[in-house]
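Residue-level structural notes
In case you want the letters, here they are:
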Amino acid sequence: MAQKPSIPKGTRDFTPAEMANRNYIFNTIKDVFRLYGFQQIETPAMENLSTLMGKYGEEGDKLLFKILNSGDFLNGLSDNELLERNSPKLTTKISEKGLRYDLTVPFARFVVQNRDKITFPFKRYQIQPVWRADRPQRGRYREFYQCDVDVVGSDSLLNELELIQIVDEVYRRLKIKVVIKINNRKILSGIAEIIGEAEKITDITVAIDKMDKIGLEKVNEEIASKGISQQAIDKLQPILKLSGTNSEKLNQLKAVLSYSEIGMKGIAELETIFGLCEAMKVDTAIELDLTLARGLNYYTGAIFEVKALDVEIGSITGGGRYDNLTGVFGMEGVSGVGISFGADRIYDVLNQLELYPENSVENTRVLFVSFGEKELMYCLPWLNALRAKGINTEIYPESAKMKKQMSYADNKHIPYVAIVGETEMNEGKVMLKNMKSGEQQLCTLNELLAIIQ
RNA sequence: GUGGUUAUAGCUCAGUCGGUUAGAGCGUCGGAUUGUGGUUCCGAAGGUCGCGGGUUCGAGCCCCGUUUUCCACCCCA
């Protein structure tokens, strides 16, 4: 055998059956997005590296797939530069493009670049693959789809509400039980401020984000290792051990954060959002979770994460508010808030729970079986007529044996087979076989339509 | 990037202590059945045992390297 073909690690092929299931997810999500007035855009798979670099932290830069310049990419490089073996420095000289890492940064770029063509508040959705040079493992791929919805150019917390409603509706339709975890970056900032470590906020949030995984003790260890004083860590404890309902937690927080203006603002925002959700009777449980920090450093207000209740897979949706995302591209003062559905993880969840609907509408409804040139010419107008009625129809393209043609129909789960031979042609009919019951009858075109429609 | 793990037919996997010609199920193809699939029966094709090197009289099996798979960490959807 020749060399076995393969695909890059962390990437996947999708069979027709798998695509039917994936499209079910994408269509469900899309339908809900449109229901709330969001419009679709697309951006290129590759962006200039200058757009991407520095937006995801230094870790993110490493996880970017970089595209080698075309042609003689070593042209203009001195031998000295090559001998230095300084990869990051060399990278900037031999690669100027990279594959997108998420949809949010390209979207920010899009807004800045197309500001003359869009009306604010701009509500867009975007469903495209993103790429990360990560090491793949369960629920983690190097190529995966994100389904982003964002609103830019509006500070209103109504947007946060609508995003929560979208989450609520999407997972209701997909029949996945979830919990929405919510937090607010301003509260985290307030906490850092109160304990006197305002500038260590990132370290603190990264550490407490791991609360679920490694527990209180290890979180404290990690915080300490970042050079935060024991005194500050002590002050942090009551906050990490918060309990009760959302409003109980908020009240406890109010007591702790009363001297932090920003912290109190975060609390007020959360109270508003909870109030709105209650008024709108959002079904899904919403849980204030201070350990929710998320790595992306551009969130400034609400932070969301959605976890599936019945499957262990990490978060399947995440997002938040970022006050000045377009600022890095020279457009100040535009606030945005958005969330991203991880289609591939949702796909894994649905696979594990087998929650797909039965009807595969995309499938062929009728297969014509025929035995030769004459029969073929007889069938083709029938195919035209059925397709004109919007019925998915195909004909087996070779005059193969009946057994083979029937097996083909069977494997493709085609519910009806129309058999055409001498007898049928003489009568101007076809023999229609129901593949499930095995019954068959001679039909005119209208009789056939009546049966299969 | 760090640590561990895996690799045998298209797929899922057996393969004893290192011993002759590497097996099964499923799938594919052909036949039983020239116009009837899903069930059954018969038969066939399909392998550089991931790749490269080493140890040995002899390696799918042991050793080294490399690639790959999966898992944990980092990080994340």
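Residues numbered from 1 in each chain as written. Chains lettered and ligands numbered in written order. Predicted model: local features only at pLDDT ≥ 70, side-chain atom pairs only at ≥ 80, totals over all residues. Heavy atoms only, no water.

1. Let's talk about the overall build of chain A
- A tally of regular secondary structure across chain A gives 18 helices and 16 strands.
- Along the first, second and third principal axes, the C-alpha atoms of chain A reach 95 × 65 × 45 Å.
- Counting the 453 residues in chain A, one finds 48% classified as buried.
- In chain A, 69% of the contacts between residues at least 6 apart in sequence involve partners at least 24 apart.
- Summed over all atoms, the accessible surface of chain A reaches about 23500 Å², with 50% contributed by carbon and sulfur.
- With 57 positive and 62 negative side-chain charges, chain A shows a separation of 2 Å between the mean positions of the two kinds. (Helix = DSSP H or I, 4+ residues; strand = E, 2+ residues; numbered from the N terminus. Buried < 20%, exposed > 50% of the residue type's maximum accessible area, 1.4 Å probe, protein only. Contact = heavy atoms within 4.5 Å. Areas by Shrake-Rupley, 256 points an atom, 1.4 Å probe, with all protein chains shown as cover. Lys, Arg positive; Asp, Glu negative; His and termini not counted. Charge placed at Lys NZ, Arg CZ, Asp CG, Glu CD.)

2. A word on the pairing of strand 5 (residues 122-131)
- Across the 10 residues that make up strand 5, a large majority, 9, are buried.
- Here 2 bridges tie strand 1 (residues 39-40) to strand 5, and the two strands are oriented parallel to one another. Along strand 5, the bridge assignment pairs Gln-39 with Arg-124.
- One ladder, built from 10 bridges, connects strand 5 with strand 6 (residues 143-152); its direction is antiparallel. By the bridge assignment for strand 6, Pro-129 is matched with Tyr-145. (Pairing = 2+ DSSP bridges.)

3. Details of the domain arrangement of chain A
- Here chain A is partitioned into domain 1 (16-353) and domain 2 (366-452).
- For domain 1 and domain 2, the distance between their C-alpha centres works out to 52 Å. (Domains from an automatic or database assignment.)

4. Details of the sheet that holds strand 1
- Reading across from one edge, 1-5-6-11-10-9-7-8 is the order of the 8 strands in this open sheet, with mixed pairing throughout. Both edges of this open sheet fall to strand 1 and strand 8 (285-288), since each of them pairs with a single strand only.
- Across the sheet, helix 6 (residues 104-113) lies against strand 5, strand 6 and strand 10 (315-322), angled at about 135 degrees from strand 5, the strand it touches most. (Axes fitted to C-alpha atoms, helices over the stretch in contact; angles between N-to-C directions.)

5. Observations regarding the side chain of Gln-146
- Mapped onto the secondary structure, Gln-146 falls in strand 6.
- Among the polar contacts made by the side chain of Gln-146, one reaches the main-chain amide nitrogen of Leu-103 at a distance of 3.5 Å. (Polar contact = N/O pair within 3.5 Å; in protein donor to acceptor, adjacent residues only side chain to side chain.)

6. Quick look at the sheet that holds strand 14 (residues 416-420)
- Strand order across the open sheet formed by 5 strands is 13-12-14-15-16, with mixed pairing between neighbours. Strand pairing shows two members of the sheet lacking a second neighbour, strand 13 (393-395) and strand 16 (440-443), which therefore form its edges. The mean inter-strand angle of the sheet, taken between neighbouring strand axes irrespective of direction, is 25 degrees.
- With 4 bridges connecting them, strand 14 and strand 15 (residues 430-434) associate as antiparallel partners.

7. Thoughts on helix 12 (residues 246-257)
- Look at helix 12: 16 Å from first C-alpha to last across 12 residues, which is about the 16 Å you get at 1.5 Å a residue.
- Within helix 12, burial applies to Asn-246, Lys-249, Leu-250, Leu-253 and Leu-257. For helix 12, the arc enclosing every buried residue in end-on projection is 100 degrees, short of the 170-degree limit, so these residues lie on one face.
- For helix 12, the elements touching its buried residues are helix 8 (185-194), helix 13 (261-279) and strand 8. (Expected span 1.5 Å × (residues − 1). Arc of directions from axis to C-beta.)

8. A few points about the pattern of salt bridges
- All told, the structure shown has 21 salt bridges when counted by the stated rule.
- For Lys-123, the salt bridge goes to Glu-162, with nearest N and O atoms at 3.2 Å. Of this pair, Lys-123 sits in strand 5 while Glu-162 is found in helix 7 (residues 158-174), placing the two residues 39 residues apart along the sequence.
- Through salt bridges with shared partners, a single ionic network connects Asp-168, Glu-169, Arg-172, Arg-173 and Asp-283. (Salt bridge = Lys/Arg side-chain N within 4 Å of Asp/Glu carboxyl O.)

9. With respect to helix 5 (residues 87-94)
- Those residues of helix 5 that sit buried are Leu-90, Thr-91 and Ile-94. On an axial view of helix 5, the arc spanned by its buried residues comes to 110 degrees, and they lie on one face. Opposite the buried face of helix 5, by more than 90 degrees, sit the exposed residues Pro-88 and Thr-92.

10. Side note on the nonpolar core
- Among the nonpolar cores identified, the biggest contains 88 residues, and Tyr-171, Phe-341 and Ile-346 are the most heavily contacted of them.
- A total of 8 residues in this core trace back to one element, the largest contributor, which is helix 7.
- In this view, Tyr-171 contacts Ile-176, Val-178, Val-306, Ile-316, Thr-317, Phe-341 and Ile-346; residues no more than four positions away in its chain are not counted.
- One finds Val-366, Tyr-378, Trp-382 and Ile-395 within the second-largest nonpolar core, a separate group that totals 19 residues. (Core = buried A, V, L, I, M, F, W, Y, C linked by side-chain atoms within 4.5 Å.)

11. Focus: the packing of helix 12 against helix 13
- One can describe the packing of helix 12 onto helix 13 by two numbers: an axis separation of 10 Å at closest approach and a directional angle of 165 degrees. For the element pair helix 12 / helix 13, the angle class is roughly antiparallel. As helix 12 runs across helix 13, the sense of the crossing is left-handed. Here Asn-246, Leu-250, Leu-253, Lys-254 and Leu-257 of helix 12 come into contact with helix 13, specifically with Gly-263, Met-264, Ile-267, Leu-270, Glu-271 and Phe-274. (Parallel < 35°, antiparallel > 145°, perpendicular 65-115°, else oblique. Left-handed = near helix turned anticlockwise from the far one by under 90°.)

12. Brief notes about the packing of aromatic side chains
- Applying the stated criterion to the full structure yields 12 aromatic pairs.
- With centroids separated by 5.7 Å and ring planes inclined at 40 degrees, the aromatic side chains of Tyr-171 and Phe-341 adopt a geometry described as tilted. Of the two residues, Tyr-171 sits in helix 7 while Phe-341 sits in strand 11 (residues 336-342), which places them 170 residues apart along the sequence.
- Judged by its relative accessible area of 2%, Tyr-171 is buried.
- Consider the rings of Tyr-396 and Tyr-408, whose centres lie 5.1 Å apart with planes at 85 degrees: the pair is edge-to-face. In this pair, Tyr-396 is assigned in the loop between strand 13 and helix 16 (402-411) and Tyr-408 in helix 16, connecting sequence segments 12 residues apart.
- By relative accessible area, which is 28% here, Tyr-408 ends up partly exposed.
- An aromatic cluster is defined as three or more aromatic residues linked by ring pairs; in this entry it consists of Phe-33, Tyr-125, Tyr-171 and Phe-341.
- Geometry around Phe-38 places Lys-123 over its ring, the cationic atom sitting 4.8 Å from the centre. (Phe/Tyr/Trp six-rings, centres within 6.5 Å; stacked < 30°, edge-to-face > 60°. Lys NZ or Arg CZ within 6 Å of the ring centre and 35° of its normal.)

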